[in-house]
Amino acid sequence: MSSREEILASIRKNTQVRYDKPDIADMKRLSYPDKIEQFCAISRAVGGMAVVLGEGEDVNAVIRRTYPEAMRIASVLPDISCATFNPDNLDDPKELDGTDVAVVKGEIGVAENGAVWIPQTVKYKAVYFISEKLVILLDRNKIVDTMYDAYRELDGQEYKFGTFISGPSKTADIEQALVMGAHGAKDVLVILM
């Protein structure tokens, strides 16, 4: 018997009380009276921004107003006329280097942590992480209370890749030096439509 197996056998032998796995379907979960307000507040708390698109407001104008210096704007979305190129037309994902802003579509927002589920709808998933700034378009009616609710929404869906993104990429070392954008966008804007 390997040492791993011996350790596990010893744990099993010496465990006095066993607990059944709880049925989380019956557990009380968080519920927010205003999911949009909660989502926006948490997005700000994690270093991002979330705005609700006003009646008759142009999403392209919001993107241009927020990122006036952006020269390379990537998007596959047909309504994003401020995009300067379609990343699906590139032959090599290395050509995404230098992308100032990527505009993508999110599928589910989570009020408890400001995360947005983004299934891969582009040729190169690198566009989600290599752009300096990321704009996520999200239907305001697609915000759920908790990650549990989000995963329930995803049950049975087929996708080859997807990720939850909540705010800009952040990492810190043992000396507590915070670095923004090491593993993804330095800035994230969610536009609730």
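How each quantity is defined
Residues numbered from 1 in each chain as written. Predicted model: local features only at pLDDT ≥ 70, side-chain atom pairs only at ≥ 80, totals over all residues. Heavy atoms only, no water. Buried < 20%, exposed > 50% of the residue type's maximum accessible area, 1.4 Å probe, protein only. Helix = DSSP H or I, 4+ residues; strand = E, 2+ residues; numbered from the N terminus. Pairing = 2+ DSSP bridges. Salt bridge = Lys/Arg side-chain N within 4 Å of Asp/Glu carboxyl O. Contact = heavy atoms within 4.5 Å. Axes fitted to C-alpha atoms, helices over the stretch in contact; angles between N-to-C directions. UniProt positions renumbered as here; feature names shortened; annotations may be inferred. 1 Å grid on protein atoms, 1.4 Å probe; cavity = no way out; pocket = protein on both sides within 12 Å on 5 of 7 lines; lining within 4 Å. Points joined across faces, edges and corners; volume = space filled by probe spheres on them. Nonpolar A, V, L, I, M, F, W, Y, C, P; charged D, E, K, R; others polar. Phe/Tyr/Trp six-rings, centres within 6.5 Å; stacked < 30°, edge-to-face > 60°. Polar contact = N/O pair within 3.5 Å; in protein donor to acceptor, adjacent residues only side chain to side chain.

Now for the pairing of strand β8 (residues 162-165). Every second residue of β8 is oriented toward a common face, the buried set being Thr163 and Ile165 and the non-buried set Gly162 and Phe164. As judged from the four bridges shared by strand β5 (residues 116-119) and β8, these two strands associate in the antiparallel manner. Among the inter-strand pairings, Pro119 is bridged to a residue of β8, identified as Gly162.

Before going further, it helps to spend a moment on the pattern of salt bridges. The tally for this structure, following the rule as stated, stands at four salt bridges. The salt bridge partner of Glu5 is Arg4, with a shortest N-O separation of 3.0 Å.

Once that is clear, we can look at the sheet that holds strand β4 (residues 108-110). If you walk across this open sheet you meet the four strands as β7-β4-β5-β8, and the pairing is mixed. Where the open sheet ends on each side, the last strands, each with one partner, are β7 (143-144) and β8. Bridge count between β4 and β5: two bridges; the pairing is antiparallel. In the strand pairing of β5, Ile108 is matched with Trp117. Where helix α5 (residues 147-154) meets the sheet, its contacts fall on β4, β5, β7 and β8, and the angle it forms with β4 comes to roughly 165 degrees.

Taken from the UniProt record, the annotation "domain: LUD" (unreviewed entry) applies to residues 96-193. Here residues 96-193 is 12% helix and 37% strand, with 27 Å between the C-alpha atoms at its ends.

Using a probe with the size of a water molecule, rolled over the atoms, empty space left in the structure can be pinpointed. A complete count under the given rule lists one cavity of 30 Å³ or more for this structure. Lining the largest cavity are Ser43, Gly48, Met49, Gly114, Val116, Ile136, Ile165, Ser166, Gly167, Val188 and Val190. The residue inventory of the lining of the largest cavity, partitioned by class, reads six nonpolar, five polar and no charged.

The next thing to look at is the packing of aromatic side chains. We describe a pair of aromatic rings using the distance from one ring centre to the other and the angle between the two ring planes. Per the stated rule, a full pass over the model turns up five aromatic pairs. Look at Trp117 and Tyr159: their rings are 5.0 Å apart centre to centre, the planes differ by 70 degrees, and that puts the pair in the edge-to-face class. Here Trp117, found in strand β5, pairs with Tyr159, found in the loop between α5 and β8; they are 42 residues apart in sequence, far enough to count as distant. By relative accessible area, Trp117 is classed as buried at 4%.

Strand pairing in a sheet takes place through backbone hydrogen bonds and is either antiparallel or parallel in direction. Here five strands make up an open sheet; going across it, the order is β1-β11-β6-β3-β2 and the pairing parallel. Since the sheet does not close on itself, it has two edges, and those belong to β1 (49-52) and β2 (73-75), each with one partner. Ignoring which end each strand starts from, the neighbouring axes of this sheet average 20 degrees apart. Pairing of strand β6 (residues 133-138) with strand β11 (residues 187-192), which is carried by six bridges, proceeds in the parallel orientation. Across the sheet, Leu137 pairs through a bridge with Ile191, a residue of β11. Along the sheet, helix α2 (residues 35-45) contacts β1, β6 and β11; its crossing angle with β1, the most-contacted strand, is approximately 150 degrees. The sheet strands contacting helix α3 (residues 59-66) are β1, β2, β3 (101-105), β6 and β11, and the helix crosses β11 at an angle near 155 degrees.

Once that is clear, we can look at the side chain of Thr99. Within the fold, Thr99 resides in the loop between β2 and β3. A polar contact is formed between the side chain of Thr99 and the backbone oxygen of Leu96, at a distance of 2.5 Å. Leaving out residues up to four positions away in the same chain, Thr99 has contacts with Arg72, Ala74, Phe85, Ile130, Ser131 and Glu132.

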